[in-house]
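Listed here are the chains, written in short residue letters.
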2 protein chains.
Amino acid sequence: MDAAQEAHNREAFRQAVVNTLERRLFYIPSFKIYRGVAGLYDYGPPGCAVKSNVLAFWRQHFVLEENMLEVDCPCVTPEIVLKASGHVDKFTDLMVKDEKTGTCYRADHLLKDYCKDKLEKDPNLSDEKAAELRHVLAVLDDLSAEELGAKLKGYGITAPDTKNTLSDPYPFNLMFQTSIGPSGLSPGYMRPETAQGIFVNFKDLYYYNGNKLPFAAAQIGQAFRNEISPRQGLLRVREFTLAEIEHFVDPDDKSHPKFSEVASLEFLMFPREDQVSGRAARRIPIGDAVTQGIVNNETLGYFIGRVYLFLTELGIDKDRLRFRQHLANEMAHYAADCWDAEIECSYGWIECVGIADRSAYDLRAHTDKSGVALVAHEKYPEAKEVEKLVIAPVKKELGLAFKGNQRMVVEALEAMGEEEAMEMKATLETKGEAEFRVCTLDKVVTIKSNMVSISKEKKKEHQRVFTPSVIEPSFGIGRIIYCLYEHSFYTRPSKDGDEQLNVFRFPPLVAPIKCTVFPLVQNQQYEEVARSIARALTTVGISYKIDITGTSIGKRYARTDELGVPFAITVDSTSSVTVRERDSKQQIRVNVDEVASVVKEVTDGVSTWADVLWRYPTHSS
Amino acid sequence: MDAAQEAHNREAFRQAVVNTLERRLFYIPSFKIYRGVAGLYDYGPPGCAVKSNVLAFWRQHFVLEENMLEVDCPCVTPEIVLKASGHVDKFTDLMVKDEKTGTCYRADHLLKDYCKDKLEKDPNLSDEKAAELRHVLAVLDDLSAEELGAKLKGYGITAPDTKNTLSDPYPFNLMFQTSIGPSGLSPGYMRPETAQGIFVNFKDLYYYNGNKLPFAAAQIGQAFRNEISPRQGLLRVREFTLAEIEHFVDPDDKSHPKFSEVASLEFLMFPREDQVSGRAARRIPIGDAVTQGIVNNETLGYFIGRVYLFLTELGIDKDRLRFRQHLANEMAHYAADCWDAEIECSYGWIECVGIADRSAYDLRAHTDKSGVALVAHEKYPEAKEVEKLVIAPVKKELGLAFKGNQRMVVEALEAMGEEEAMEMKATLETKGEAEFRVCTLDKVVTIKSNMVSISKEKKKEHQRVFTPSVIEPSFGIGRIIYCLYEHSFYTRPSKDGDEQLNVFRFPPLVAPIKCTVFPLVQNQQYEEVARSIARALTTVGISYKIDITGTSIGKRYARTDELGVPFAITVDSTSSVTVRERDSKQQIRVNVDEVASVVKEVTDGVSTWADVLWRYPTHSS
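Residues numbered from 1 in each chain as written. Chains lettered and ligands numbered in written order. Predicted model: local features only at pLDDT ≥ 70, side-chain atom pairs only at ≥ 80, totals over all residues. Heavy atoms only, no water.

Side note on the overall build of chain A
Here's step 1: Counting its secondary structure elements, chain A contains 21 helices and 28 strands.
Here's step 2: Seen through its C-alpha atoms, chain A measures out along the principal axes to roughly 105 × 70 × 55 Å.
Here's step 3: The 621 residues of chain A split such that 53% are buried.
Here's step 4: Carbon and sulfur atoms make up 49% of the accessible area of chain A, which totals about 28,100 Å².
Here's step 5: Of note, chain A has its 77 positive side-chain charges centred 3 Å away from the centre of its 90 negative side-chain charges. (Helix = DSSP H or I, 4+ residues; strand = E, 2+ residues; numbered from the N terminus. Buried < 20%, exposed > 50% of the residue type's maximum accessible area, 1.4 Å probe, protein only. Areas by Shrake-Rupley, 256 points an atom, 1.4 Å probe, with all protein chains shown as cover. Lys, Arg positive; Asp, Glu negative; His and termini not counted. Charge placed at Lys NZ, Arg CZ, Asp CG, Glu CD.)

Written out as structure tokens, the structure reads:
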């Protein structure tokens, strides 16, 4: 199959999935009656149920299993917090404007589209030119505003709709801005991630955990990203649900007590070296990946393993899931290591979970900005003797010598590193004075020996004080759900073979409704039985849909297969009923008063369908 | 006890509760290390767990029980939607500014504080003056900007902190404003309620429900309100979680099939007439309230009953819960009836759930603004013959006569009501022309008989088309949780009687952690047993906390009583352990391998504590 045919098939498959999703209200373009807003979608009833189920399982699999501290912080965030985290300055995309109409575009998207289009459709492209365009695509994320602008100009790229000239690229901050309170003087933003709410609470959470490391905090909530021009349907949206974990750990000990429980798991990994050298992703047991140093540490490896289990239990196809390590140029300068769980769908490989060792960056940034030390303590079994540098400026003398600038000189003296301080000490002892550059004054001053005393003192230390490292698994819930839709969708011929029917093969864990109840024909007796079963299902907490329309049973099955409902109860007598499994279409016969508990059993995973198939008589329709 | 003493006690009780809540991280002032932002709070680990539990129960009690259609819409909302709903124009509070410092205050708060203060503290207040101030308090919510301004001036009220003069009151819109997309041309707001997301989806949801009424849609999500000056701690905040139900019903039939299930419930109700005539709230069976017309209709009554069950099952004290009917001046002009579930706490009676019959207002507003008909259809068993007014403007003639204004004239003609049209018909028949006012042109024009034909025609109608009414129960989740904290809190003396210990008597349904596991003394054997029990608890989905510190068992019990943990497992042997119930402090002895399932049983409500107390030997410590 050639590339064009493959692209066509992918597109056709996506259309089939998306049409089904939209027709059955898994999602709805938000504010549709007002013609919608790009990048905003509602979860309709079945989509909302799938989302609740995914989040409930996330809580069970991560928060409860690991005893994490879950928190819930507001979306509205004051500027200072996002200034500290770097978002105010750096959470930007490069934008260009159509110089006549003012329409905005992402600069890198236009360049990417141009290169891809040329490579795919220009038959006269020279080998040399093709290589150049491929190189541009490879380094796209690294280009500065100037470089991007030069390329756009160089290739003569214009506004896609109007062919008008484009402005130079400039950074556009992707946060939704607002104002807190009535004065207009307190800028705020809608949070771009939930993580910062956890970092600023580190001190309280550490205390809550008995001042012990490691521990993890978690948060599920909305995050916002004011995309310049949203694309890729449900994958790139302006508001989305994140589920984030911040696991705080001693930087000197990133081992994990439960690592052995995941070590033998084997799945597709795509290490940095393999990407650079053009090899394909390969199956590596996560235990080996850590031993061989491919994955930086056990805790990171543990979470990679747990994420694999989480995604595959939801129903993600394990052959279309890989863990890709960030390349050097993708990774933040402070990160120790970073892996993305990527899921393959019709849009290609999509980043759905990021698992990063962010080192001490975030806690340090908030410590610096807030002046509150976000640190951990480790008590030594017995006190240790250490040599400590002591710099004691003599404020009186400095005050006389530097008057208004005294504070800056004092601070600069106190900030000296060990080497610089010991050098000054030697100079003061030999010459009685020393030249000293005060950077906050941008000036060299003369320090005399009566102005500062520098010494090394032996001290007893009872504890080690340090900034913990943070391992952060961050889940884009909407993206995971969209990929799950694609991986769960299939079609099969109807009974008379004249049409293709859609099915979502959701596991019961995920299915929006667990069970349907159908009276086989419209009569009062059967409807009463159906209603009594419905009541029993509610009591045991199983969601159901009851369909008492006179439509043929085949059509009713097809309708709920399309919603991914795993089990259907058909009432064809007042004493016993049939239970049908969605994918195999097998049916068993169960007494009316047992049926709710049987469905609960297979839905909760206490029994499998095979188990109950063995216990109850099969039914052939 | 006099009023001052009572106020003092209430304040002291609140302080005790709030101190405990903050110390144990039920909540944390958001962004505390940056000195916080008024009106924003985080849910810390136990608070977050309580909130999840309340929401999960809400889903079970309302969404699952009533088969509601749950949706999940974005917080970011384009202006047009909130223009249609009336929020852009009317979601305001009256604000005054300190004329020198610019500090903003809610005008009604300043007036309220002044009146209350005078009434409570001024011994020289004349009876006449006191009556006047009480009247001001009663009509406070009805005062216009001008009236409020006049009162503030009249009483000489100045800025509380500076005593500077105040500006005149002016409306401040309470929505957080933002801008959608990069152009700056699409204003948006953070939604002030979740309801609008449901209304704009009515058409799709009605279709999803098989084009049948009644049905209910539900949504849980964040809502935002940029308060001028937040007060009352956790009760009046700038971001909060709402859980809202929109039950769509035929305006001609508001009966409810399940009303009989709640009809005999009896609880405190406070009808409008009783409030006006100064009577107290009284117990009325909800069935009687509907029969007697105190509550407008069965559906409204059904939800009042269900809300009562919901709140009391959470642990709200039924004697401090009342349903208060809105007074005529409180109710929106379109509302048919409205009741608030008010819960008494140290701040007084607090509105926690609003249950309103909003008639057809919202659907009509969005129909008008969007041009999409948000209506329902009722097929007649057989077609009905009806007489219909038909107005047919003759566009050619109107075009010749009115040129550029043709469209406005056509629209005005088509919009005529029956009476006006029949009058015009008569005039045209007798005089050949008629004067006609076109409001969009602000002009009277002459219509000739060749320009329009007006007739009454008999038509067969196959269905009735109408705008459904909406019954809306709307839950302020944070307020319910805060009141629950106050209603659950009590103190009791420690064993040696030298201190008071705090306890939250949360039912297991709500408790943030269901169970603690304590090895009685620090030794490896007991710790291993504790860990195996912990694993078993995780498997059955029961959240727990394990405490292996060497602290005395009494202290450890006290610590978890303060978190409201209902059950504690103490490991004092390797074969059997004790289970202690929080409030009675009774203990039973259970085998190690049974204990997780026993705790699950009492936590899930399958058995009561009394049941298991009867089944297992009691243990006296």
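A look at the relation of the copies chain A and chain B
Here's step 1: At an RMSD of 0.3 Å, chain A and chain B line up after a rotation of 180° and a shift of 0.1 Å along the axis. Look at the turn and shift together and you get a two-fold axis relating the two. Residues of chain A ranked by C-alpha distance from the rotation axis are headed by A:Thr178, positioned 2.5 Å from it.
Here's step 2: Most of the interface of chain A is mirrored in chain B, where 99% of its interface residues again form contacts. (Least-squares fit on C-alpha atoms with pLDDT ≥ 70 in both. Contact = heavy atoms within 4.5 Å.)

Quick look at the sheet that holds strand E28 (residues 587-591) of chain B
Residues and elements named next belong to chain B.
Here's step 1: What the five strands build is an open sheet, ordered E25-E24-E26-E27-E28; its pairing is mixed. Looking at the sheet topology across the chains shown, the edges are occupied by strand E25 (544-546) and E28. Within the sheet, the average angular offset between the axes of one strand and its neighbour, ignoring direction, is 25°.
Here's step 2: Where strand E24 (residues 515-519) and strand E26 (residues 567-571) come together, five bridges link them in parallel fashion. Counted as the bridge partner of Cys515 is Phe567 from E26.
Here's step 3: Together, E24, E26, strand E27 (576-581) and E28 form the strand contacts of helix H20 (residues 595-603), whose direction differs from that of E26 by roughly 170°. (Pairing = 2+ DSSP bridges. Axes fitted to C-alpha atoms, helices over the stretch in contact; angles between N-to-C directions.)

A word on the nonpolar core
Here's step 1: Of all hydrophobic cores here, the largest spans 210 residues; its most connected members are A:Phe323, A:Phe475, B:Phe323 and B:Phe475.
Here's step 2: Residues in contact with B:Phe323, not counting those within four places in the same chain, are B:Phe267, B:Leu268, B:Met269, B:Phe270, B:Ile304, B:Val307, B:Tyr308, B:Trp339, B:Asp340, B:Ala341 and B:Ile355. (Core = buried A, V, L, I, M, F, W, Y, C linked by side-chain atoms within 4.5 Å.)

Brief notes about a negative patch on the surface
Residues and elements named next belong to chain A.
Here's step 1: Negative charge collects at one region of the surface, where Asp141, Asp142, Glu146 and Glu147 lie side by side.
Here's step 2: Positionally, Glu146 belongs in helix H7 (residues 145-154).
Here's step 3: Taking relative accessible area as the criterion, Glu146 reaches 63% and is therefore assigned exposed. (Patch = residues over 30% accessible without salt bridge, like charges linked within 9 Å, V, L, I, M, F, W, Y side chains within 5 Å. Salt bridge = Lys/Arg side-chain N within 4 Å of Asp/Glu carboxyl O.)

Section: unusual backbone geometry
Residues and elements named next belong to chain A.
Here's step 1: Following Leu213, the chain continues to Pro214 via a peptide bond in cis, the omega torsion being -10°.
Here's step 2: Relative to the helices and strands, Pro214 resides in the loop between helix H9 (202-208) and strand E10 (215-224).
Here's step 3: The residue Leu25 is not glycine, and still its phi comes out positive at about 60°.
Here's step 4: Mapped onto the elements, Leu25 comes out in the loop between helix H1 (3-23) and strand E1 (27-29).
Here's step 5: Relative accessible area serves as the criterion here: at 4%, Leu25 is assigned to the buried category.
Here's step 6: Backbone geometry at Asn211 places phi at a positive 50°, although glycine is not the residue there.
Here's step 7: Within the secondary structure, Asn211 is located in the loop between H9 and E10.
Here's step 8: Relative accessible area serves as the criterion here: at 41%, Asn211 is assigned to the partly exposed category.

Concerning the pairing of E24(B)
All names here are of chain B.
Here's step 1: Most of E24 sits out of view: five of its five residues are buried.
Here's step 2: The side-chain alternation of E24 yields two buried faces, one formed by Cys515, Val517 and Pro519 and the other by Thr516 and Phe518.
Here's step 3: Running through helix H18 (residues 524-539), the crossover from E24 to the neighbouring parallel element E25 is right-handed. (Right-handed = clockwise from strand over helix to strand, strands pointing away.)

Considerations on the UniProt feature "domain: Aminoacyl-transfer RNA synthetases class-II family profile" (unreviewed entry) in chain A
Here's step 1: Look at the UniProt record and you will see "domain: Aminoacyl-transfer RNA synthetases class-II family profile" (unreviewed entry) annotated at residues 15-493 of chain A.
Here's step 2: When the span residues 15-493 of chain A is considered, its composition is 35% helix and 30% strand, and the gap between its end C-alpha atoms is 18 Å. (UniProt positions renumbered as here; feature names shortened; annotations may be inferred.)

Brief notes about the interface of chain A and chain B
Here's step 1: Contacts between the two partners involve 76 residues from chain A, matched on the other side by 75 residues from chain B.
Here's step 2: Counting the surface lost from both chain A and chain B, the interface buries some 6,300 Å², and carbon and sulfur atoms represent 64% of this.
Here's step 3: Three residues stand out in chain A for area buried against chain B, namely A:Ile33, A:Tyr34 and A:Tyr208, and they jointly supply 13% of the buried area on that side.
Here's step 4: Inspection of the chain A/chain B interface yields four salt bridges.
Here's step 5: Residue B:Asp204 pairs with A:Lys32 through a salt bridge whose shortest N-O separation is 2.7 Å.
Here's step 6: It is helix H2 (residues 45-64) of chain A that provides the largest number of residues to the side of chain A that touches chain B, a total of eight residues.
Here's step 7: Residue composition of the side of chain A that touches chain B, grouped by class: 42 nonpolar, 19 polar and 15 charged. (Buried area = accessible area lost by both parts, 1.4 Å probe. Nonpolar A, V, L, I, M, F, W, Y, C, P; charged D, E, K, R; others polar.)

Overview of helix H15 (residues 406-414) of chain A
Residue and element names in this part refer to chain A.
Here's step 1: For H15, the full list of buried residues reads Val409, Val410, Ala412 and Leu413. Take H15 and look down its axis: the buried residues cluster within an arc of 165°, on one side only.
Here's step 2: Packing partners of the buried residues in H15 comprise strand E17 (376-393), helix H14 (395-402), helix H16 (418-431), strand E18 (433-438), strand E19 (443-448) and strand E20 (452-466). (Arc of directions from axis to C-beta.)

Looking at the side chain of A:Thr467
Here's step 1: You can see A:Thr467 is positioned in the loop between E20 and strand E21 (469-476).
Here's step 2: Beyond its immediate sequence surroundings of up to four residues, A:Thr467 is in contact with A:Pro251, A:Ala360, A:Leu363, A:Arg364, A:Leu374 and A:Val375.

Concerning the packing of H14(A) against H15(A)
Residues and elements named next belong to chain A.
Here's step 1: Where H14 meets H15, the axes come as close as 9 Å, and the angle between the chain directions of the two elements is 130°. In terms of axis orientation, H14 runs oblique to H15. In the crossing of H14 with H15, the sense of the turn from one axis to the other is right-handed. Every residue of H15 that contacts H14 at Lys395, Leu398, Gly399 and Phe402 is listed here: Gln406, Val409, Val410 and Leu413.
Here's step 2: Its residues assigned to classes, the contact of H14 with H15 shows five nonpolar, two polar and one charged. (Parallel < 35°, antiparallel > 145°, perpendicular 65-115°, else oblique. Left-handed = near helix turned anticlockwise from the far one by under 90°.)

Points about the environment of A:Asn296
All names here are of chain A.
Here's step 1: By secondary structure assignment, the location of Asn296 is in the loop between helix H11 (286-291) and helix H12 (298-314).
Here's step 2: By relative accessible area, which is 42% here, Asn296 ends up partly exposed.
Here's step 3: Between the C-alpha atom of Asn296 and that of Lys254, which follows or precedes it by 42 residues, the distance is 9.2 Å.
Here's step 4: Contacts of Asn296, omitting those with residues within four sequence positions, involve Ala336, Asp337 and Asp357.
Here's step 5: At 2.9 Å, the side chain of Asn296 and the side chain of Asn297 are in polar contact. (Polar contact = N/O pair within 3.5 Å; in protein donor to acceptor, adjacent residues only side chain to side chain.)

Observations regarding the pattern of salt bridges
Here's step 1: Within the structure shown, the criterion is met by 95 salt bridges over all chains.
Here's step 2: In this structure, A:Arg282 and A:Asp274 form a salt bridge, with 2.6 Å as the shortest nitrogen-oxygen distance.
Here's step 3: Across the salt bridge formed by B:Arg559 and B:Asp547, the nearest N and O atoms sit 2.9 Å from each other. Of this pair, B:Arg559 sits in helix H19 (residues 553-561) while B:Asp547 is found in the loop between E25 and H19, placing the two residues twelve residues apart along the sequence.

Brief notes about the environment of A:Trp614
Here's step 1: Mapped onto the fold, A:Trp614 is located in helix H21 (residues 609-615).
Here's step 2: A C-alpha to C-alpha distance of 9.3 Å links A:Trp614 and A:Ile588, two positions 26 residues apart in sequence.

Structural notes on the pairing of strand E19 (residues 443-448) of chain B
Residue and element names in this part refer to chain B.
Here's step 1: Pairing of strand E18 (residues 433-438) with E19, which is carried by six bridges, proceeds in the antiparallel orientation. The residue of E19 that forms the bridge with Phe436 is Val445.
Here's step 2: The hairpin turn running from E18 into E19, its antiparallel successor, is four residues long, and Asp442 in that turn takes a positive phi close to 55°.

A word on helix H14 (residues 395-402) of chain B
All names here are of chain B.
Here's step 1: When we look at burial in H14, the residues that qualify are Leu398, Gly399 and Phe402. Taken down its axis, H14 places every buried residue within 105° of arc, on the same side. Projecting away from the buried face of H14 at angles above 90 degrees are the exposed residues Lys396 and Leu400.
Here's step 2: The inward-facing, buried residues of H14 abut strand E17 (376-393), helix H15 (406-414) and E19.
Here's step 3: The first or second residue beyond H14 is Lys403, which carries a positive phi of 40°.

Describing the packing of H2(A) against helix H17 (residues 477-488) of chain A
All names here are of chain A.
Here's step 1: Running from amino to carboxyl end, H2 crosses H17 at an angle of 115°, the nearest separation of the two axes being 11 Å. Accordingly, the angle class assigned to the pair H2 and H17 is roughly perpendicular. As H2 packs across H17, the resulting crossing turns out to be right-handed. Of H17, the residues touching H2 (which contributes Gly47, Val50, Lys51, Val54 and Leu55) are Ile477, Ile481 and Tyr485.
Here's step 2: Taken together, the residues of the contact of H2 with H17 sort by class into six nonpolar, one polar and one charged.

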